[in-house]
Amino acid sequence: MDPEISSPDATAREVSGPTPVAGHEESSHGRSRLYRLLHHPVRPIALLVLAAFLALAVLWTATWNLGRVEHENARETAETTSRELLDTYEAQVFRVLQQMDQTLRSVQYAVQLRGDGRTAFDDLNDRDLLPPDLIFVVSVTDHDGNLVATNGASLLAGDADDDILDLARESHSLVVGQPVAVGDEWRLPVGRRLTAPDGSFGGVATVEVDPTFFVSGYEVSRLGRDGVVGILGQDGVFRARRSGDDVTVGGRTDYESVVTEQGFGDTRTVLSTNEWDGVRRYTSARELYGFPVAVVVGISENEALAPADDRTSTYVARAGMASLLLILIAGVLAWMSWKLDRVRRREGEAQVAHARRVEHLAYHDSLTGLPNRSFLGRLLEDRVRLAGRYGQQFAVLFLDLDGFKQINDTLGHDAGDDLLREVAERLEATLRDSDVVARMGGDEFVVLLPTIANADQVASVAQKVIDSLAQPFVLLGEQFTVTASVGVSLYPQDGADVQALMKNADIAMYEAKEAGKKAFRFFSQWMGSESRERLDLEVSLRQALVRQEFELHYQARRDLDSGRITGMEALLRWEHPRLGTVKPAKFLPLAEETGLILPIGKWVLRTACRQNVAWLADGLPRLSVAVNLSAAQFFDPDLLDVVASALEDSDMDPELLELEICESILARDTFKTVPILEDLKRLGTRITVDNFGTGYSSLTVLRGLPLDTIKIDRLFLRADAGNAMAHEVTDALVAMGRSLSSSVVVHGVETREQVDYLRSHACHQVQGFFFDRPSRATDIAVLLRGELVTAPSQESF
Ligand code: C2E
Ligand code: CA
């Protein structure tokens, strides 16, 4: 569906204003994506969280790396230490074994030289070539295992040390036997084969040593409590092993798996779980050159890595703290950002709301909340454009309340406002949502029916509107009836543009009012002419003063007895360039309505006063001149100034100026009128009650007024002379007039019968066509001059 076709609905009452924001939205569309990206409420927080995550990742990677490096260093240190300790330990053991071997070789040599173990031993002893028996016990055993000689108390001798004997029998190198427990001590025999002179096995030379001696150099400071040093035989039996304070002798392990490097290359340090005690260690082992044993050194992994673990724990703890702090800061920042964003959003919303309010105010009537004149103008323009394009019809209803002014005047503005609000509500309730109700100001409303099928449909809507307003309104607790008159114009037949449609609906509304109100009228070309004339009249009336189209005619007032002219009444005439002479009845209501009566009235006063002075100056008789005042003039606060300056400027005698005011005006509100009349009297002017008898005022009211003349309305003369009722009324009026003022004038005297009647009823002042028609000032001058010459005879009346 074409979006534009639906727009009548879119312009319905719920629309808050025209759509000026639409363009703005379009222009902002281009930057909206970037704008949204930056200003999305979640985005800064998401970025913050992301940044926090990144920072945490970096922190923990660094921490992990530090830990790794620490452990790597610790591992390298442990390996290096393990190897260094192995070197040291190897040197120690090697030295001891070498020393022992030296002794054994000496014994071997001496036995060979002497041929007898005992002698050789004594010889060595004598030459002090044997070590002290405190550490090493040196012995010689024959091939059967019998002790031949010893430098001390050999614990093994005699205990048939078959093991060392067997080993020595088989080997020509140094042999290391199994450690043997003797009491609560251990003995480790190390021996060399002795060869008999015939070359057969001749026994064995041994050195006994406490095997724990080999591990006495255990340094806790370097090896820790769980480190290990040990001397391991190629047979897989530990000759001695120490871990902390625990010294173990014996005990088996797999030699091959411990001594991985057999040769003289760099020794590898292996991290492995030691089979013998289940502790993981950086273990280094090396076979001793020339001896059937290997040295083993190990540093406990736990101990070696403990400082690194400690430091890593510290790093982790610090990273944990830093993470917490980071999360806290990120949290606080996110919270602040969220808060800030919320504040910003609220501000934004407030601004939008404010803009909406301002827009609403600009396009809506503040009293009723309905679209106002300018909003309606836009809607109508749109409607004309679209209806023109799609060949649609629509209707404009111009609605004016009948009698609203009275309600406003009598009950006050607040009640008037209440009434207008209720009218707006009723209209909205009566009409469809798609229809538009607007207030033009005052008591004028316009309804736009955006799509209509035919005129009948519009008529029924108009009638519905009138009916809904015909129900009584409750104002200040009382019921009032206010009806409405409605004028309808249809698009396209009654106007092709907004102005024409509005004007014609207005004209039709006037027609409805003329036709008796509480009605609706469709505009027709025929009614246009009259109302248009009224519009033309209004336009030209505004220009009439400037163009000097006004003129005063004067009608004489005469004394019935003498026939002499006693005064003049100034009557306004408008010489319209096209329409010719226009009578007051035609233009005065319009002048009153538009307020033009004030400048016009001012002109009348000045002109009449000047004319009066001019006649006098011409040597014509001294006469009063009567000037009519309408209600608007009478109640105008400037009235006194206007009258005073007219008198002053013309230098006219105030006594000659009569001001004619309708009875209905004077009697309306004596609280207001009396002070005005008194002011006028103070100026010296005279007051005439015009159209007396039509106001039906009570005598008591009129009696309170400072009146000079009573002018009885011609209405009461209309009845023919034979009508006794009419005569009675006239009699009564004349009598009343007399009681109220010094003189009574009857005007509108047209027939001889009327003259006769008045004369016989002692009414002496008259004015009427029977005697004089209103005439130009020049004609009046001629008339007056003629009077100076011959006084009119009574007969002529
Ligand atoms: P009004 O004050 O009752 O004035 C008298 C009207 O009766 C005049 O009509 C006059 O021409 C008419 N008239 C006089 N004698 C007769 C008669 O024998 N028979 C009939 N049928 N009519 C007669 P006009 O001049 O058309 O004035 C009409 C009304 O316009 C006046 O009624 C007066 O109220 C008002 N008016 C005239 N001039 C002015 C003016 O300058 N200012 C104001 N405010 N009102 C004026
Ligand atoms: Ca008059």
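In this text the structure is predicted, and so the values were computed from the model without any measurement.

So, about the overall build of the chain. When you go through the chain residue by residue, the secondary structure sums to 25 helices and 29 strands. In the chain, which comprises 797 residues, the share counted as buried stands at 45%. Nonlocal contacts in the chain, meaning residues at least 24 apart in sequence, comprise 64% of its contacts between residues at least 6 apart. Surface summary for the chain: the accessible area is close to 40,300 Å², and the carbon and sulfur share equals 53%.

A word on the layout of surface pockets. In this structure, the largest pocket encloses a volume near 1,100 Å³. Lining the largest pocket are 41 residues, with Glu569, Leu571, Pro584, Leu588 and Asn628 positioned closest to its centre. In the lining of the largest pocket, the residues fall into 18 nonpolar, 12 polar and 11 charged.

As a further point, take unusual backbone geometry. The omega torsion of the bond from Tyr491 to Pro492 falls at 5°, within 30 degrees of zero and hence cis. Within the secondary structure layout, Pro492 lies in the loop between β18 (483–491) and α13 (498–514). Phi at Asp651 is positive, roughly 65°, even though this residue is not glycine. For Asp651, the location among the structural elements is in the loop between α18 (639–650) and β24 (657–662).

Counting residues in hydrophobic clusters, the biggest one holds 72 residues, and the most contacted among them are Tyr554, Met568 and Leu657. Contact partners of Leu657, with chain neighbours within four places excluded, come to Leu605, Cys609, Val625, Val627, Val643, Leu647, Met652, Thr685 and Arg686. Formed by 46 residues, the second largest nonpolar core is a distinct cluster that contains Tyr89, Val138, Ala240 and Ala304.

Moving on to the packing of aromatic side chains. For the structure shown, the criterion picks out 13 aromatic pairs. For the pair Phe520 and Phe522, a centre-to-centre distance of 6.0 Å together with 80° between the ring planes defines the contact as edge-to-face. Phe522 gets classed as partly exposed once you look at its relative accessible area, which sits at 24%. With centroids separated by 5.5 Å and ring planes inclined at 80°, the aromatic side chains of Trp574 and Phe587 adopt a geometry described as edge-to-face. Taken together, the residues Trp574 in strand β21 (residues 565–576) and Phe587 in helix α15 (residues 584–594) connect sequence positions 13 residues apart. As far as the burial class goes, Trp574 and Phe587 line up, both buried. One aromatic cluster in this structure is built from Phe550, Trp574, Phe587 and Trp603. The ring of Phe238 carries Arg241 above its face, with NZ or CZ at 4.9 Å from the centroid. Over the ring of Phe473 we find Arg426, and its NZ or CZ is 3.8 Å from the ring centre.

Once that is clear, we can look at the pattern of salt bridges. Summed over the entire model, instances satisfying the criterion amount to 40 salt bridges. Across the pair Arg558 and Asp772 runs a salt bridge whose closest N-O atoms are separated by 2.7 Å. Note that Arg558 is positioned in strand β20 (residues 550–559) and Asp772 in the loop between β28 (765–767) and β29 (775–776), a separation of 214 residues in sequence. A single burial state applies to Arg558 and to Asp772, both of which are buried. Between Arg752 and Asp756 there is a salt bridge; the shortest N-O distance is 3.8 Å. With Arg752 and Asp756 both in helix α24 (residues 752–760) and 4 residues apart, this pair spans about one turn of that helix. Judged by its relative accessible area of 33%, Arg752 is partly exposed. Connected through salt bridges with shared partners, the residues Glu72, Arg75 and Glu79 form a single ionic network.

The rules we used
Residues numbered from 1 in each chain as written. Chains lettered and ligands numbered in written order. Predicted model: local features only at pLDDT ≥ 70, side-chain atom pairs only at ≥ 80, totals over all residues. Heavy atoms only, no water. Helix = DSSP H or I, 4+ residues; strand = E, 2+ residues; numbered from the N terminus. Buried < 20%, exposed > 50% of the residue type's maximum accessible area, 1.4 Å probe, protein only. Contact = heavy atoms within 4.5 Å. Areas by Shrake-Rupley, 256 points an atom, 1.4 Å probe, with all protein chains shown as cover. 1 Å grid on protein atoms, 1.4 Å probe; cavity = no way out; pocket = protein on both sides within 12 Å on 5 of 7 lines; lining within 4 Å. Points joined across faces, edges and corners; volume = space filled by probe spheres on them. Nonpolar A, V, L, I, M, F, W, Y, C, P; charged D, E, K, R; others polar. Core = buried A, V, L, I, M, F, W, Y, C linked by side-chain atoms within 4.5 Å. Phe/Tyr/Trp six-rings, centres within 6.5 Å; stacked < 30°, edge-to-face > 60°. Lys NZ or Arg CZ within 6 Å of the ring centre and 35° of its normal. Salt bridge = Lys/Arg side-chain N within 4 Å of Asp/Glu carboxyl O.

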